[in-house]
Amino acid sequence: MVGAGIVGASCAYFLTRAGVRVTVVDRGGVASGTTGAGEGNILVSDKEPGPELDLALRSNALWRDLDEQCGGFEWEPKGGLVVAETPEVLDALTAFAGGQRAGGVAAARVAPGDLRDFEPHLADGLAGGVHYPQDAQVQPMLAAARLLRASGARLVRTAVERFLVTGDRVTGVRTGEGDLRADAVVNAAGTWAGGFAQAPLPIRPRKGFILVTQPFADPPVRHKVYTAAYVTNVASDAEGLETSGVIESTRAGTVLIGASRQRVGHDTSIDYRVLAKLARQAIGLFPVLADRQVIRAYAGLRPYSPDHLPVIGPDHRLENLFHACGHEGAGIGLAPATAEMITAQITGAGPSVEPSPFAPGRFP
Ligand SMILES: Cc1cc2nc3c(=O)[nH]c(=O)nc-3n(C[C@H](O)[C@H](O)[C@H](O)COP(=O)(O)OP(=O)(O)OC[C@H]3O[C@@H](n4cnc5c(N)ncnc54)[C@H](O)[C@@H]3O)c2cc1C
C-alpha cells in the first residue's frame, strides 16, 4: 500500500480483515498528506445522483460501524444544513434535493422561520434551507491512525520511488530503504498518486484553506452548515479562486471555517486575502463568530481528478497494480467504500457499489 492517508489506512483495514497481509509505505507517516488538512465531513448532501453518491451512501453506512470497531474517532452523526440566501436559490436547492431523494438521500426543505430550530445563531434574512440528516463528521487524522492500528498492517516510513515491473506485471515497489516485493500494490498516494512514471494518472492538486477558531464552551454551530454556492464550487473545473461559506464545530469546541478552492500547483502558502474572505463569509452566516479569534489557519491540497470521480480499481496497463486515489474534497467521506471496493477487486469478492465508473482506464 503506497500512502497512509485516510484512503490507504481504510484499504489496509478492509484488506487485513479479508485475510490479506498488508505493508503500508508512507514517506511522511500517518495522515501526513491531505488527510491531515481535511475537515472530516462525511457528506451525501453535496453529491448529485450518480456513481459518487452511491459510493457516498455506502461509505456513510460503513463509517457508523467503523467508529465502534476501531476504538472511536469522534464520529458525530450531526446532519447537514444547506442554506439559501434568496428564494430563487432555495428553489434550486429544493429541486437538487428532490433528485437526491430519488437516489436514496434523506433531505427535507426548511422554511426560513424554522432555520433557527436547527441553528439558533444563524444570521437574519436567509430564505430557508435543506436539512440532510445523514451527513456526519469524524476527526480525520484520528480515523486514519485508528484504522491503521486496528488493521495490524506494518507501516514503513520511506518514500516509494517507483513500481517494480517485470514484463507487464507489478511485483513490488522501490523505496529509499530498498525493494519491497508484493503480490499486489495499491496506489493510495492521494494528490501525488499520478506521478509514478510507469502508470501515470491525471490527478492534480486543488488547494483549500481552513480557519480554526478559539474553542467555545458551547459551540454555536450544531450541524455542518454551508451555502448553496459550495455545491456549485465542488462541481466546477475552474482554476481560479472560488469560495463559499462552510462552517462546523468540532468536539474540542473549535469552529472550522472553509471553504476555498483553487488550482495553483503544489503551492501551500498562506494567502491572507483568502482567509479574510472566508472569515467574512462565516461571520455573515454566524455573526456570533465575530467575537472569536482564529487560532490557526492552514492549506491542504485536494487530489483533483478531471471528471470529479475518484480513481478506483485495477490499472489498465500493468497487472497487480490497483489505484485508490483522486477523491478531491470527499476522500474522508468516501474512504471506507473505496477500501471495500479495492478489497473486493483484490480478493475476487462481489462489489457493493458498481465499480466501472471509477475504473482508471477511463483516462487515456
Ligand atoms: C481544506 C480541505 C478540507 C477538506 N475537507 C474534507 C471533508 O470535510 N470531507 C472529506 O471527505 N474530504 C475533505 N477533504 C479532502 C480529503 O482531505 C482528501 O480527499 C483525503 O484526505 C485524501 O486522502 P488520501 O488518503 O487519498 O490522500 P492523503 O491523505 O494525501 O494520503 C496520501 C499519502 O501518500 C503519501 N505519499 C505520497 N506519495 C508518496 C510516495 N512516493 N512514497 C510514499 N508515500 C507517499 C503521502 O505522504 C500521504 O500521507 C478536504 C481537503 C482539504 C484540503
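Conventions used here
- Residues numbered from 1 in each chain as written.
- Predicted model: local features only at pLDDT ≥ 70, side-chain atom pairs only at ≥ 80, totals over all residues.
- Heavy atoms only, no water.
- Pairing = 2+ DSSP bridges.
- Helix = DSSP H or I, 4+ residues; strand = E, 2+ residues; numbered from the N terminus.
- Axes fitted to C-alpha atoms, helices over the stretch in contact; angles between N-to-C directions.
- Contact = heavy atoms within 4.5 Å.
- Parallel < 35°, antiparallel > 145°, perpendicular 65-115°, else oblique.
- Nonpolar A, V, L, I, M, F, W, Y, C, P; charged D, E, K, R; others polar.
- Near = heavy atom within 4 Å.
- Polar contact = N/O pair within 3.5 Å; in protein donor to acceptor, adjacent residues only side chain to side chain.
- Areas by Shrake-Rupley, 256 points an atom, 1.4 Å probe, with all protein chains shown as cover.
- Domains from an automatic or database assignment.
- Buried < 20%, exposed > 50% of the residue type's maximum accessible area, 1.4 Å probe, protein only.
- Expected span 1.5 Å × (residues − 1).
- Arc of directions from axis to C-beta.
- Salt bridge = Lys/Arg side-chain N within 4 Å of Asp/Glu carboxyl O.
- Lys, Arg positive; Asp, Glu negative; His and termini not counted.

Caption draft 1: Spotlight on the sheet that holds strand S18 (residues 321-325). On the basis of which strands lie adjacent, the open sheet formed by 3 strands has the order S11-S18-S17 and mixed pairing. The open sheet has two edge strands, strand S11 (185-187) and strand S17 (311-314), and neither has a second partner. Neighbouring strand axes in the sheet, compared pairwise and without regard to direction, differ in orientation by 20° on average. As paired elements, S11 and S18 share 3 bridges and run parallel to each other. Counted as the bridge partner of Val185 is Leu321 from S18. With respect to the sheet, helix H8 (residues 331-347) is in contact with S11, S17 and S18, its orientation differing from that of S17 by roughly 10°.

Caption draft 2: Representation of the packing of helix H2 (residues 51-69) against H8. Running from N to C, H2 and H8 cross one another at 90°; their axes reach a closest spacing of 7 Å. What the angle tells us is that H2 and H8 run roughly perpendicular. For the pair H2 and H8, contact is made by Glu52, Leu55, Ala56, Arg58, Ser59, Leu62, Trp63 and Leu66 and by Ile332, Gly333, Leu334, Ala335, Pro336, Ala337, Thr338, Glu340 and Met341, respectively. Grouping the amino acids of the contact of H2 with H8 by side-chain chemistry returns 11 nonpolar, 3 polar and 3 charged.

Caption draft 3: Quick peek at the site of the ligand. What surrounds the ligand is a group of 37 residues, the closest being Asp26, Thr35, Val160, Glu328 and Gly333. Between the ligand and Val7 there is a distance of 3.0 Å, counted from an oxygen atom to a backbone nitrogen or oxygen. At a separation of 3.3 Å, an oxygen atom of the ligand approaches a polar backbone atom of Ala330. Contact with the protein chains hides 97% of the accessible area of the ligand, taken as 1000 Å² for the molecule alone. Listing elements by their share of the shell around the ligand, those giving two or more residues are helix H1 (6-17), strand S12 (204-213), strand S16 (294-304) and H8. Among the residues forming the shell around the ligand, the class breakdown is 16 nonpolar, 16 polar and 5 charged. Counting only domains with at least three residues in the shell around the ligand, you end up with domain 1 (6-73 + 139-202 + 307-362) and domain 2 (80-133 + 204-304).

Caption draft 4: Representation of the environment of Leu126 in the model. Here Leu126 shows up in the loop between helix H4 (115-118) and strand S5 (128-132). By relative accessible area, Leu126 is classed as buried at 14%. Placed 36 residues apart in sequence, Leu126 and Leu90 show a C-alpha to C-alpha distance of 9.5 Å.

Caption draft 5: Spotlight on helix H7 (residues 272-285). Look at H7: 20 Å from first C-alpha to last across 14 residues, which is about the 20 Å you get at 1.5 Å a residue. Taken residue by residue, H7 has Val274, Leu275, Leu278, Ala282 and Leu285 as its buried positions. One side of H7 holds all its buried residues, which, seen down the axis, span an arc of 100°. Seen from the open side of H7, the exposed residues pointing more than 90 degrees away from its buried face are Tyr272, Arg273 and Arg280. Buried residues along H7 sit in contact with strand S3 (80-84), S12, strand S13 (224-227), strand S14 (242-249), strand S15 (255-261) and S16. Near the N-terminus of H7, the side chain that reaches the backbone nitrogen of Arg273, with its oxygen 3.0 Å away, is that of Asp271.

Caption draft 6: Expanded view of the pattern of salt bridges. A complete count under the given rule lists 15 salt bridges for this structure. Among the ionic pairs, Asp46 bridges to Lys47, the shortest N-O distance being 2.8 Å. Here Asp46 matches Lys47 in class, with each residue buried. For Glu328, the salt bridge goes to Arg261, with nearest N and O atoms at 3.3 Å. Here Glu328, found in the loop between S18 and H8, pairs with Arg261, found in strand S15; they are 67 residues apart in sequence, far enough to count as distant.

Caption draft 7: Seen up close, the side chain of Glu52. With respect to the secondary-structure elements, Glu52 resides in helix H2. It is Lys47 that comes nearest to the buried, bridge-free Glu52 among opposite-charge side chains, at 4.6 Å. Those residues in contact with Glu52, other than ones at most four positions away along the chain, are Lys47, His308, Leu309, Ala330, Leu334 and Phe358.

Caption draft 8: Molecular detail of the sheet that holds S14. The sheet built from 8 strands is open, its strands ordered S4-S5-S3-S13-S14-S15-S12-S16 with mixed pairing. The open sheet terminates on both sides in strands that have one partner only, identified here as strand S4 (108-110) and S16. In this sheet, adjacent strand axes meet at a mean angle of 25° when their direction is disregarded. Along the sheet, helix H3 (residues 87-102) contacts S3, S4 and S5; its crossing angle with S5, the most-contacted strand, is approximately 20°.

Caption draft 9: Highlighting the side chain of Asp26. Positionally, Asp26 belongs in the loop between strand S1 (23-25) and strand S2 (41-42). In this structure, Asp26 is buried with no salt-bridge partner, the nearest side chain bearing the opposite charge being Arg27 at 5.7 Å. A distance of 3.4 Å separates polar atoms of two side chains, one belonging to Asp26 and the other to Ser32. Contact partners of Asp26, with chain neighbours within four places excluded, come to Gly3, Ala4, Gly5, Ser32, Val156, Arg157 and Thr158.

Caption draft 10: Focus on the pairing of S5. The buried count for S5 comes to 5 of 5 residues, which makes it a mostly enclosed element. By the alternation rule, side chains of S5 split into Gly128, Val130 and Tyr132 and Gly129 and His131, which are all buried. One ladder, built from 5 bridges, connects S3 with S5; its direction is antiparallel. Within the sheet, the bridge partner assigned to Val83 lies in S5 and is Gly129.

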